[in-house]
Amino acid sequence: MPTARKPPQPKPQQLLVEGKNDRHVIWALCQQYQLPQTFSVEVPQEDGTEGIEALLNGLPERLKAENLRTLGIVVDADRNLSARWQSLKDKLSSIGYRDIPQSPPPEGWVCTPSDPYLPRVGVWLMPDNQLSGMLEDFVAYLIPPGDTLRPKAEAILQELEQARLNRYTLIHHPKALIHTWLAWQKTPAMPMGQAITAQVLSCDCPIALIFIEWLKHLFELIAPSPG
């Protein structure tokens, strides 16, 4: 009778994200910056569902994993950056983390706790730790400066919204913007991560550089700059 396979051990260094789009965008940026693949990018699920609740609810158990050394957390600030930060702060405080700042640092937060039983942890709130928003706001920063299609995409969305013809909710305006812009490229409707790899989106803008520096700091990486 064949022996049952043991479940795979979690990676000692992990980055948690809310969904697969986040994972593909981060993978593409890491590839462009030639970051060593020393960490996995995980999308937590709860009852088969992804998202912020699944990520937050699974944090205590994940942080207790025996071989976990470093855990990064990338989530959308959504409508209220302060509330999202507070929810993360409360969750981490309940687990034992101390000296968490009142608001997220613009360069992202990294903590090496004095408690040897707690792993190193870091948090990045999309888009830039300072503004409410989401992954798609971050990706919109990667549209090359001076691009002539972005203002046209903005104008069309504004016209639809003013006439109440939009079928998306206004909180999803950033999603509508980036996907409208991507639909007008040489390869229409390219996924965001693929657009970074194809250099349709620029990865050398300030926000991408700050995010990559946060990853390097968190996972203690040494990597060359993109060529």
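Up top you'll find the structure we're talking about.
Note that this is a predicted model, so its numbers are computed, not measured.

*Asks:* Can you walk me through the pairing of strand S3 (residues 70-76) in this structure?
*Replies:* Strand residues, when the strand is regular, have side chains that alternate between the two faces of the sheet. Counting buried positions over the 7 residues of S3 gives 7, a clear majority of the element. Here S3 shows no split at all, with Thr70, Gly72, Val74 and Asp76 on one side and Leu71, Ile73 and Val75 on the other all buried. Relative to S3, strand S1 (residues 13-17) runs parallel, the two sharing 5 bridges. Across the sheet, residue Val17 finds its bridge partner in S3, namely Val74. Two strands pair when backbone bridges link them, and S3 and strand S5 (residues 120-126) are joined in this way by 7 bridges, in the parallel orientation. Bridge pairing in S5 links Gly72 to Gly122.

*Asks:* Sorry if this is basic, but what is going on with unusual backbone geometry here?
*Replies:* Negative phi characterises most residues that are not glycine, and trans characterises most peptide bonds. Put simply, Met126 and Pro127 share a cis peptide bond, and its omega is 10°. Relative to the helices and strands, Pro127 resides in the loop between S5 and helix H4 (135-140). Notably, Asp47 is not glycine yet its phi reads approximately 55°, a positive angle. Looking at where Asp47 falls in the secondary structure, it is placed in the loop between strand S2 (40-42) and helix H2 (52-63). Positioned with a positive phi, Arg164 is a non-glycine residue whose angle comes to about 55°.

*Asks:* Explanation requested: the pattern of salt bridges in the structure shown.
*Replies:* Close approach of charged atoms allows side chains of opposite charge to pair. Per the stated rule, a full pass over the model turns up 5 salt bridges. We note a salt bridge from Arg150 to Glu154, for which the minimum N-O separation is 3.8 Å. One end of the pair is Arg150 and the other is Glu154, both in helix H5 (residues 149-162) and 4 residues apart, which spans about a single turn. Residue Arg150 is classed as partly exposed on the basis of its relative accessible area, which comes to 28%. With a closest N to O distance of 3.3 Å, Glu213 and Lys216 form a salt bridge. Of this pair, Glu213 and Lys216 both sit in helix H8 (residues 206-219), 3 residues apart, which is roughly one turn of the helix. On the accessibility criterion, Lys216 (18% relative accessible area) is buried.

*Asks:* I would appreciate a short explanation of the sheet that holds S5 in the present structure.
*Replies:* Strand pairing in a sheet is mediated by backbone hydrogen bonds. Such pairs are either parallel or antiparallel. Read from one edge of the open sheet, 5 strands run S2-S1-S3-S5-S4, paired in mixed fashion. In this open sheet, the two strands that pair with only one neighbour each are S2 and strand S4 (109-111). Put simply, the sheet's adjacent strands are angled 15° from each other on average, direction ignored. Across the sheet, helix H1 (residues 20-32) lies against S1, S2 and S3, angled at about 130° from S1, the strand it touches most.

Scoring rules and cut-offs
- Sequence order as written defines the numbering, with residues in each chain counted from 1.
- Residue-level local features of this predicted model are given only where pLDDT is at least 70; pairs of side-chain atoms are given and counted only at 80 or more, and the full residue set underlies all totals for whole chains, interfaces and linings.
- Side-chain metrics in this entry use all non-hydrogen atoms of the structure; hydrogen atoms and water are not considered.
- Each residue gets one of three labels from its accessible area relative to the maximum for its type: buried under 20%, exposed over 50%, partly exposed in between, using a 1.4 Å probe on protein chains only.
- Runs of H or I in DSSP of at least four residues are treated as helices and runs of E of at least two as strands, each being numbered from the N terminus.
- The rule for pairing is simple: two strands pair if DSSP sees at least two bridges between them.
- Basic side-chain nitrogens of Lys or Arg form a salt bridge, by our definition, when they fall within 4 Å of a carboxyl oxygen of Asp or Glu.
- Axis definition: a line fitted to C-alpha atoms, over the contacting stretch in the case of helices. Angles run 0 to 180 degrees between N-to-C directions.
- Only heavy atoms enter the contact rule, under which two residues are in contact if any of them lie within 4.5 Å.

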